[in-house]
Amino acid sequence: MKYQSQAVAKLYFIAALGLFTGQIVFGLSLGLQYVIGDFLFPAIPFNIARMVHTNLLIVWLLFGFMGAAYYMVPEESETELYSPLFAKVLFWVFLAAGAATILGYLLVPYAKLAEMTGNDLLATMGREFLEQPLPTKLGIVVVALGFLFNISMTVLKGRKTAISMVLLMGLWGLALMFLFSFVNPSNLVRDKMYWWFVVHLWVEGTWELIMASLLAFVLVKTTGVDREVIDKWMYMIVAFALITGILGTGHHFYFIGLPGYWHWVGSVFSAMEPIPFFMMTLFAFNMVQRRRREHPNQAAVLWAVGTAVIGFLGAGVWGFIHTLSTVNYYTHGSQVTAAHGHLAFYGAYVLVVLAIISYAMPILRGREANPLRAQRVEMWSFWIMSIGMAVMVLALSGAGILQVWLQRMPTTGAMPFMATQDQLVFFYWVRVAGGVMFLLGLLAYLSSFFIGPAADEESLSLGVSTRLQRA
């Protein structure tokens with residue numbers, strides 16, 4: 001490590017991976033509940049398992065973003081973190097609040113939890129992804145402000161780079177957009193508007209800035225390409241992401257009671273949203289081809305390139321498939337939406353967090369890269385997880401197309417919802433198989449942290465070290 005305070009990131013990365021594992025376990029249980037209706041009932045009803053699954057996704061990605069910032073910013077700013085102790089305190093506060101919230105979901109009926117946590121004072125619970133009790137939401141704001149203070153002070157006292165400034169913009173935007181989660185108007189249309197200000201402007205706005213900066217950092221370190229070249233690419237990607245992402249919010253306004261012009265605005269700018277992801281794919285391949293060094297951590301390069309390619313497929317291609325208002329009229333809220341959501345989150349955010357962890361964790365553990373044997377396992381884990389995700393997404397896409405055909409498109413005699421679900425059971429079983437494969441890939445990834453060098457690799461390393469000492 002160049003700076004000792006970067007070690008704080010290790011705590012955040014470990015917590016992120018632990019929560020990620022929990023998210024996948026609950027996702028598998030949800031998949032089984034689709035085909036075995038009383039699985040885990042009444043201990044963990046479907047609505048609770050789904051809430052835990054989605055909340056764990058958000059929280060572990062936030063831990064990953066924070067860990068990435070604590071690792072990247074000292075190196076980019078060429079100075080130690082403003083307060084490593086404050087970062088550790090905030091970590092334990094955030095982890096304790098997150099754990100208490102998940103236990104609350106699992107152990108207390110949701111209505112009772114709302115009553116116990118002051119939801120009658122300020123009603124903020126009950127909305128998808130924002131189900132957190134009021135004290136948890138307030139805790140998130142406190143942790144976010146403390147984190148942003150720590151990061152911002154570090155940037156202000158050190159070198160300013162394009163990567164650190166774009167990262168800071170994304171992190172501040174993330175925190176500011178979350179404040180709309182406290183606004184819960186009685187008018188349902190306004191309520192859904194403010195809800196999308198959080199959800200959409202996170203994943204198709206501020207988070208894209210964070211993703212671009214993380215990807216740029218990993219490529220700078222692993223390819224040796226001039227920072228000026230990478231900065232230009234990043235500025236172009238960020239500009240297109242914001243132009244299309246902000247007005248692209250309109251594709252959520254089609255059918256919630258807003259004016260009809262959103263059909264045009266949402267359709268046009270949503271159709272342009274694949275552009276920044278396609279640019280990101282070109283960017284990643286361009287940087288790898290122009291690399292000036294062969295970095296020993298080739299696993300990190302694979303995760304970075306995978307981010308660009310699968311992010312383009314999930315957020316770009318699968319998003320475009322059902323983003324036009326005339327198509328979305330039939331597919332809205334169907335399993336096509338679930339297919340897009342799974343692949344987009346995996347490609348754009350899961351992979352970029354794993355890329356920065358793959359690059360940084362060996363350095364945090366005192367070496368430039370993991371042993372070759374561990375990297376091979378890590379690369380296998382990438383392919384197993386990606387193939388497992390592809391199986392799930394194709395299954396959900398097939399289920400969505402059949403669902404639309406049976407339930408949405410007929411003008412008379414449309415099949416009822418539950419009868420349609422019975423026709424999708426085959427696809428749901430395939431999704432479970434993909435989920436099992438994904439979990440196996442994740443376990444392979446976690447196991448790579450415990451794999452040492454092979455005997456010949458270790459002897460070679462010792463030989464090089466001895467020659468260097470003699471020299």
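Before any of the text, the structure's been laid out above.
Computed from a predicted model, the values in this text were never measured in an experiment.

(A) Focus on unusual backbone geometry. For the bond running from Phe 41 to Pro 42, omega is 5°, close enough to zero to count as cis. Here Pro 42 lies in the loop between α1 (8–35) and α2 (46–77). Positive phi values are uncommon outside glycine, yet Glu 78 reaches one of about 55°. One can find Glu 78 in the loop between α2 and α3 (84–107). In this structure, Phe 129 is a non-glycine residue whose phi angle is positive, near 75°. By the secondary structure assignment, Phe 129 is in the loop between α4 (110–116) and α5 (134–157).

(B) Summary view of the pattern of salt bridges. For the structure shown, the criterion picks out eight salt bridges. Between Glu 75 and Lys 221 there is a salt bridge, with the nearest N and O atoms lying 2.8 Å from each other. On the criterion of sequence distance, the pair formed by Glu 75 in helix α2 and Lys 221 in helix α7 (residues 188–223) is long-range, its members being 146 residues apart. Take Glu 75 and Lys 221: they sit in the same class, and that class is buried. Of the charged contacts in the structure, one is a salt bridge between Glu 228 and Lys 232, with a shortest N-O distance of 3.5 Å. Of the two residues, Glu 228 and Lys 232 both sit in helix α8 (residues 227–247), four residues apart, roughly one turn of that helix. Of the two residues examined, Glu 228 and Lys 232, each falls in the exposed class.

(C) Fine view of the packing of α8 against helix α9 (residues 261–271). Between α8 and α9, the least distance of the axes is 8 Å, while the angle of their chain directions is 150°. One element, α8, and the other, α9, form an angle in the roughly antiparallel class. Taken as a pair, α8 and α9 cross one another with a handedness that is left-handed. When α8 is examined against α9, the residues Ile 243, Thr 244 and Leu 247 are found in contact with a partner set consisting of Trp 262, Val 265, Gly 266 and Phe 269.

(D) Main features of the packing of aromatic side chains. The tally for this structure, following the rule as stated, stands at 42 aromatic pairs. Taken together, a centroid distance of 5.9 Å and an interplanar angle of 70° make the contact between Phe 255 and Tyr 329 edge-to-face. You can see Phe 255 sitting in the loop between α8 and α9 and its partner Tyr 329 sitting in helix α12 (residues 325–331), a full 74 residues away along the chain. Of the aromatic side chains, those joined through ring pairs into one cluster are Tyr 12, Phe 63, Tyr 70, Phe 91, Trp 92, Phe 94 and Phe 147. One Lys or Arg, Lys 192, reaches over the ring of Trp 195 and ends 4.1 Å from the middle of that ring. A cation over a ring is seen here: Arg 431 above Tyr 34, with NZ or CZ 4.2 Å from the ring centre.

(E) The arrangement of the side chain of Lys 221 in detail. For Lys 221, a relative accessible area of 14% translates into the label buried. Here Glu 75 takes part through its side chain, which lies 2.8 Å from a polar atom of the side chain of Lys 221. Those residues within four positions of Lys 221 in sequence are excluded, and the remaining contacts are Lys 2, Glu 75, Arg 293, His 295 and Tyr 359.

(F) Highlighting a nonpolar patch on the surface. A surface patch of nonpolar side chains, amounting to about 540 Å² of accessible area, comprises Tyr 82, Leu 85, Phe 86, Val 89, Val 93 and Phe 149. Ranked by residue count, the leading element in the nonpolar patch is α3, at four residues. With respect to the secondary-structure elements, Val 93 resides in helix α3. Accessibility expressed as a relative area gives 43% for Val 93, which makes it partly exposed.

(G) View of α3. An ideal rise of 1.5 Å per residue puts 34 Å on 24 residues; α3 measures up with 34 Å between its terminal C-alpha atoms. Among all positions of α3, only Ala 87, Leu 90, Phe 91, Phe 94, Gly 98, Thr 101, Ile 102, Gly 104 and Tyr 105 are buried. On its buried side, α3 packs onto α1, α2, α4 and α5.

(H) Summary view of the environment of Ser 5. Along the chain, the position of Ser 5 falls in the segment before α1. Taking the relative accessible area as the measure of exposure, Ser 5 reaches 5% and is therefore buried. Once the C-alpha coordinates of Ser 5 and Ala 395 are considered, the two residues, 390 residues apart in sequence, prove to be 45 Å apart. A distance of 2.5 Å separates a polar atom in the side chain of Ser 5 from a polar atom in the side chain of Glu 80.

(I) Local environment of the environment of Trp 202. Among the structural elements, Trp 202 can be located in helix α7. With 26 residues separating them along the chain, Trp 202 and Leu 176 place their C-alpha atoms 9.9 Å apart. Discounting residues that sit within four places of it in the chain, Trp 202 has contacts with Ile 58, Leu 174, Met 177, Phe 178, Phe 197, Trp 207, Glu 208 and Tyr 349.

(J) Local environment of α2. End to end, α2 covers 46 Å across 32 residues, agreeing with the expected 46 Å (1.5 Å per residue, within 8%). When you tally the buried positions in α2, you get 29 out of 32 residues, the bulk of the element. Trailing α2 by a residue or two, Glu 78 shows a phi angle of about 55°, which is positive.

(K) Focus on the environment of His 53. Inspection of the secondary structure assignment puts His 53 in helix α2. Considered as a pair, His 53 and Leu 28 are 25 residues apart in the sequence and their alpha carbons are 9.4 Å apart. With near-sequence residues (within four places) excluded, His 53 lies in contact with Gln 23, Phe 26, Gly 27 and Leu 30. Engagement of the side chain of His 53 in a polar contact is seen with the backbone oxygen of Gln 23, the distance being 2.8 Å.

Rules and cut-offs
Residues numbered from 1 in each chain as written. Predicted model: local features only at pLDDT ≥ 70, side-chain atom pairs only at ≥ 80, totals over all residues. Heavy atoms only, no water. Helix = DSSP H or I, 4+ residues; strand = E, 2+ residues; numbered from the N terminus. Salt bridge = Lys/Arg side-chain N within 4 Å of Asp/Glu carboxyl O. Buried < 20%, exposed > 50% of the residue type's maximum accessible area, 1.4 Å probe, protein only. Axes fitted to C-alpha atoms, helices over the stretch in contact; angles between N-to-C directions. Parallel < 35°, antiparallel > 145°, perpendicular 65-115°, else oblique. Left-handed = near helix turned anticlockwise from the far one by under 90°. Contact = heavy atoms within 4.5 Å. Phe/Tyr/Trp six-rings, centres within 6.5 Å; stacked < 30°, edge-to-face > 60°. Lys NZ or Arg CZ within 6 Å of the ring centre and 35° of its normal. Polar contact = N/O pair within 3.5 Å; in protein donor to acceptor, adjacent residues only side chain to side chain. Patch = residues over 30% accessible without salt bridge, like charges linked within 9 Å, V, L, I, M, F, W, Y side chains within 5 Å. Areas by Shrake-Rupley, 256 points an atom, 1.4 Å probe, with all protein chains shown as cover. Expected span 1.5 Å × (residues − 1).

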